[in-house]
Amino acid sequence: MQARMKNPAFVLPDGMKGIGAIFKAVNQGGLSQELQEIVGLRASQINGCSACVHAHTANLVKAGESTERIAAVGAWREAPFFSDAERAALELTDVLTRLADRSTDAVPDELWDQVADHYDEQEISALLLLIGVTNLFNRLNAAIKEPAGASWS
């Protein structure tokens, strides 16, 4: 399978500059690389972005993450492999990725409080930016039919 076109973030150079600045900010937020990849994997699973699921899974394997944890991200609520802090980040990822499914606040106060119990303001900022930029890439890849394993340049 071949993409319909090159990723728009690479077609328009200023687009990638902006996205690169977001990733730089996320990396300054104090989140572990493993958590960043787990959050990215979860959003990409929800959105059905095979290219991003493949990339996040490969990055987690390269970082030495266990097969148990990687395989359980899609069923994180029922899996015993995640800390309370990771569960809060995954729940935040779920609700922000599924905005159209909500009937109340996008992020309920109870969830916000759980996230704030585990992360400081910089880390929450990094989580929010990461979830947003992952959803951006998922949508771009869905539009252009980016295949799993594609080179992003």
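For the structure, see preceding data.
Described in the following lines is the structure provided in the data block.

The rules behind the values
- Residues numbered from 1 in each chain as written.
- Predicted model: local features only at pLDDT ≥ 70, side-chain atom pairs only at ≥ 80, totals over all residues.
- Heavy atoms only, no water.
- Helix = DSSP H or I, 4+ residues; strand = E, 2+ residues; numbered from the N terminus.
- Rg over C-alpha atoms; globule rule 2.2 N^0.38 Å.
- Buried < 20%, exposed > 50% of the residue type's maximum accessible area, 1.4 Å probe, protein only.
- Contact = heavy atoms within 4.5 Å.
- Polar contact = N/O pair within 3.5 Å; in protein donor to acceptor, adjacent residues only side chain to side chain.
- Salt bridge = Lys/Arg side-chain N within 4 Å of Asp/Glu carboxyl O.
- Expected span 1.5 Å × (residues − 1).
- Patch = residues over 30% accessible without salt bridge, like charges linked within 9 Å, V, L, I, M, F, W, Y side chains within 5 Å.
- Areas by Shrake-Rupley, 256 points an atom, 1.4 Å probe, with all protein chains shown as cover.
- Lys, Arg positive; Asp, Glu negative; His and termini not counted.
- Charge placed at Lys NZ, Arg CZ, Asp CG, Glu CD.

A few words on the overall build of the protein chain. Looking only at helices and strands, the protein chain has eight helices and zero strands in total. Starting at the N terminus and walking to the C terminus, you meet the elements of the protein chain as α-α-α-α-α-α-α-α. Against the globule reference of 15 Å for 153 residues, the protein chain gives a C-alpha radius of gyration of 15 Å, in line with a compact fold. Dimensions along the principal axes, computed over C-alpha positions, put the protein chain at roughly 40 × 35 × 30 Å. Out of the 153 residues in the protein chain, the part that is buried amounts to 39%. Put simply, 67% of the contacts in the protein chain that link residues at least 6 apart link residues at least 24 apart.

This next bit is on the side chain of histidine 56. For histidine 56, the location among the structural elements is in helix H4 (residues 50-62). Since its relative accessible area comes to 14%, histidine 56 is described here as buried. Engagement of the side chain of histidine 56 in a polar contact is seen with the side chain of glutamate 37, the distance being 2.7 Å. Residue contacts for histidine 56: discarding those within four places in its chain leaves Glu37, Gly40, Leu41, Ser44 and Thr134.

The subject of this paragraph is the pattern of salt bridges. Per the stated rule, a full pass over the model turns up seven salt bridges. Where aspartate 94 meets arginine 42, a salt bridge forms, and the shortest distance between an N and an O atom there is 2.8 Å. Of this pair, aspartate 94 sits in helix H6 (residues 84-97) while arginine 42 sits in helix H3 (residues 33-47); the two residues are 52 residues apart in sequence, bridging distant segments of the chain. Since its relative accessible area comes to 3%, aspartate 94 is described here as buried. We classify arginine 42 as buried; its relative accessible area is 7%. Here aspartate 94 and arginine 77 are joined by a salt bridge, their closest N and O atoms 3.0 Å apart. Remark: arginine 77 occurs in the loop between helix H5 (67-72) and H6 and aspartate 94 occurs in helix H6; sequence separation between them is 17 residues.

This brings us to helix H8 (residues 121-144). Compared with the 34 Å implied by 1.5 Å per residue over 24 residues, the 35 Å span of H8 between its first and last C-alpha is a close match. For H8, the N-terminal capping position is held by aspartate 120, with its side-chain oxygen 3.1 Å away from the main-chain nitrogen of glutamine 122. Just past H8, the residue lysine 145 takes up positive phi, approximately 60°.

A cluster of acidic residues, Asp105, Asp109, Glu110, Asp113 and Asp117, forms a negative patch at the surface. One can find aspartate 113 in helix H7 (residues 109-118). On the basis of relative accessibility, which here comes to 45%, the residue aspartate 113 falls in the partly exposed class.

By themselves, these observations are geometric and do not establish any function.
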